[in-house]
Amino acid sequence: MIVTLDTTRLALAAACLVSYGLVCTPLWRHWRNNKAQAQRPAGQAAEPGWIVAHASQTGNAEQLAAQTADTLRLAGIPVRLCTLSALSQDELQQAERILFVVSTYGEGDAPDAAAAFVGRFMTGALPLPRLHYGVLALGDSSYSHYCGFGRALDTWLQEQGAQPLVPHIEADCLADSAIGAWRHALSHLAGTTDAPDWSGPAFGAWRLAERRCLNEGSSGAPIYHIELEPLDGVLPEWQSGDLVQVVAPAEPDKPREYSIASIPSDGRVHLLVRLHLHGDGKPEGGMGVASGWLCREAPLGASLPMRLRQHSRFRLDGNAQRPLILIGNGSGIAGLRGHLRARAQAGQGRNWLLFGERHAQHDYHYGDEWEALRAAGQLQQLDVAWSRDSAVQGSAIRYVQDLLPPKASVLRQWVAQGAAIYVCGSLQGMAAGVDRALGDILGRNELDALVAENRYRRDVY
Ligand SMILES: Cc1cc2nc3c(=O)[nH]c(=O)nc-3n(C[C@H](O)[C@H](O)[C@H](O)COP(=O)(O)O)c2cc1C
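Every value quoted in this text rests on a predicted model; they were computed, and no experiment measured them.

J.: Any chance you could explain the overall build of the protein here in plain terms?
T.: The number of helices and strands found in the protein is 13 helices and 17 strands. Relative to its 461 residues, the protein shows a buried fraction of 46%. A fraction of 75% describes how many contacts in the protein between residues 6 or more apart in sequence connect residues 24 or more apart.

J.: Is there a simple way to explain the sheet that holds strand 9 (residues 243–246) in this structure?
T.: Picture the strands of a sheet paired through backbone hydrogen bonds; they go either parallel or antiparallel. Overall, antiparallel pairing links the six strands, which are arranged 10-9-12-7-8-11 in an open sheet. Edge strands, defined here as strands with exactly one partner in the open sheet, are strand 10 (256–259) and strand 11 (269–274). Strand-to-strand, the axes of this sheet are offset by a mean angle of 40 degrees, without reference to chain direction. Strand direction decides the pairing type here: strand 8 (residues 223–230) and strand 11, joined by six bridges, are antiparallel. Across the sheet, Ile223 pairs through a bridge with Arg274, a residue of strand 11. Its contacts with the sheet place helix 7 (residues 289–297) against strand 7 (204–213), strand 8, strand 9, strand 10, strand 11 and strand 12 (303–309), and it is angled at close to 70 degrees to strand 7.

J.: I'm lost on the packing of helix 4 (residues 115–122) against helix 5 (residues 148–159) in this one. Help?
T.: The interhelical angle for the contact between helix 4 and helix 5, taken along N-to-C directions, is 30 degrees, at an axis separation of 13 Å. Considering their axes alone, helix 4 and helix 5 lie roughly parallel with respect to each other. Classified by chirality, the crossing of helix 5 by helix 4 is left-handed. Contact residues: helix 4 offers Phe117, Val118, Phe121 and Met122, while helix 5 offers Phe149, Ala152, Leu153 and Trp156. Of the residues belonging to the contact of helix 4 with helix 5, the class tally is eight nonpolar, no polar and no charged.

About the criteria used
- Residues numbered from 1 in each chain as written.
- Predicted model: local features only at pLDDT ≥ 70, side-chain atom pairs only at ≥ 80, totals over all residues.
- Heavy atoms only, no water.
- Helix = DSSP H or I, 4+ residues; strand = E, 2+ residues; numbered from the N terminus.
- Buried < 20%, exposed > 50% of the residue type's maximum accessible area, 1.4 Å probe, protein only.
- Contact = heavy atoms within 4.5 Å.
- Pairing = 2+ DSSP bridges.
- Axes fitted to C-alpha atoms, helices over the stretch in contact; angles between N-to-C directions.
- Parallel < 35°, antiparallel > 145°, perpendicular 65-115°, else oblique.
- Left-handed = near helix turned anticlockwise from the far one by under 90°.
- Nonpolar A, V, L, I, M, F, W, Y, C, P; charged D, E, K, R; others polar.

This is the structure in structure tokens:
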């Protein structure tokens, strides 16, 4: 045996030992966890698992939560993946480790799916001394209440005595650096180095095949019907309610999302894009980067990077056989058009469309399609509100939400017959107004029950 007192050699040997330990510890934990799982009698939970809870409106937080859970499972850790509102008081108080992945909506609010959690727990005190937690907050720094809900949740948890496992992480527009930091923290917490690939599907090349302005002469900003086809000719699968992410050349790292207005049998992806005008409302005053490029600057035939994204909370899914009440305004008609086309294809005629815009003469987007569907018995009820026309005529019905109270008894009837309600369009004014009108007509508890049954779905922006 060679014994040395050379300090350099000793330091090197110590460093080797530490590195060896660092490499082995995760492997050992992985092995130990797998072994513990294998030895456990069926049905018996051997060690308290982790919970990964998500609150998501359009699916980003839900997807990241699922990837978080997969990474933990890969490290041999038992995980329960659920929505925030599915957590009971007992679970919260008994749990030792919960990872929260939450987005922010409205003006710093929780997504719809977390409303019950906020109402039940966050308005009061709930001692959580056992709990260790992490928060990944998704948001967009162009909103004034950046990551408002994630921050509020983090503060509330600390006030209840819960201990952060890592400082909360904020992801601005799903920034890679923040998602990377979360993955890194996760690998560290789980003691694993073999995290699965989290990157989304690659952007494909699509051709701008058709574009036409739908509202020439309107006092509102121009709105364009746009059709795109894949350059390689292979149309991907999607369902009505899904979204696309489009990248404009001037902002390659900030994809914009639009609802898909068509179904695969149309052979193309249709979008309805409102041209965003700055300043005085004239294109010379400046246009939105993505909408300006899509609606005006990109020449027909141009190729653009785009990918499709599942929007599970706005799909028909379990509501496909139910009567549908579709409520929207402005460009929100895009997502509703996808559903109406899917329904027509499936031979489901029990549909009721309520739509609001400015002028009957200029802003009845796809009006000929709605009239044709109605004539064919595929749209049982159609109600429209014209905000600028009614102002001139002195009518009480100005916005789409004003259509609801006069139809209260029909609405109750449809809901009693099992109808699902889909709302698509602007958050400001419309979504809150529709929500209030529905609450008044059906009762808040009934509306909350519809949310819980996935029969009240919103795609609002
Ligand atoms: C209508 C609307 C309102 C939003 N409000 C906020 C906000 O107040 N603060 C914020 O940080 N992000 C806000 N966002 C951005 C979302 O949190 C962000 O897009 C997030 O990635 C969505 O994740 P999700 O798909 O899981 O819901 C808003 C997005 C939309 C469409």
